[in-house]
Amino acid sequence: AYNASSGNFTFGKGGNQGARGENRGGDFFVENIYEELDAPGEFFFDTKAKRLYLFYNGTGPPPAAASVVAPSLRTLVNISAS
């Protein structure tokens, strides 16, 4: 639940990111927080330093010739219905 006067979110029992283990509600994700890099494929972009931190999803270091592709569009396609 969100409390607009305090600006706080309150979560019930669980703690399962992506709503795993719960059949009600939609998925939620915490994004772009350096301290949350704890699983392969996650990343954090430091806008001030213009540096990308990536939790590599392979074994060992990433290949020397690895490249990163970043989209410039925030939303490519959005389809909504009621």
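Numbers given to residues run from 1 along each chain, matching the order in which its sequence is written. At least 70 in pLDDT is required for a residue's local features to be given in this predicted model, at least 80 for side-chain atom pairs to be given and counted, and no such filter applies to totals for whole chains, interfaces and linings, which use all residues. Computation of side-chain values covers all heavy atoms of the structure but excludes hydrogens and water.

Enquirer: Quick question: what am I supposed to make of the pairing of strand S4 (residues 51-54) here?
Expert: The side chains of a regular strand alternate, residue by residue, between the two faces of the sheet. Strand pairing is defined by DSSP finding a minimum of two bridges between the two strands. Runs of H or I in DSSP of at least four residues are treated as helices and runs of E of at least two as strands, each being numbered from the N terminus. Note that strand S3 (residues 43-46) and S4 share four bridges and pair antiparallel. Looking at the pairing, Phe-44 lines up with Tyr-53 of S4. Here S3 hands over to S4 after four residues, with Lys-50 in that stretch at a positive phi of 55°.

Enquirer: Please clarify how unusual backbone geometry should be interpreted in this entry.
Expert: Unlike most non-glycine residues, Lys-50 shows phi in positive territory, near 55°. Tracing the sequence through the fold places Lys-50 in the loop between S3 and S4. Only protein chains enter the accessibility calculation, which uses a 1.4 Å probe; a residue whose area is less than 20% of its type maximum is buried, one above 50% is exposed, and one in between is partly exposed. What makes Lys-50 exposed here is its relative accessible area of 68%.

Enquirer: Mind showing me how you'd approach the environment of Glu-42 here?
Expert: For Glu-42, the location among the structural elements is in the loop between strand S2 (8-9) and S3. Relative accessible area serves as the criterion here: at 25%, Glu-42 is assigned to the partly exposed category. Residues Glu-42 and Asn-57, spaced 15 residues apart in sequence, show a C-alpha to C-alpha distance of 8.5 Å. When sequence neighbours within four positions are dropped, the list of residues in contact with Glu-42 reads Glu-36, Leu-37, Tyr-53, Leu-54 and Phe-55. Contacts: residue pairs with any heavy atoms within 4.5 Å of one another.

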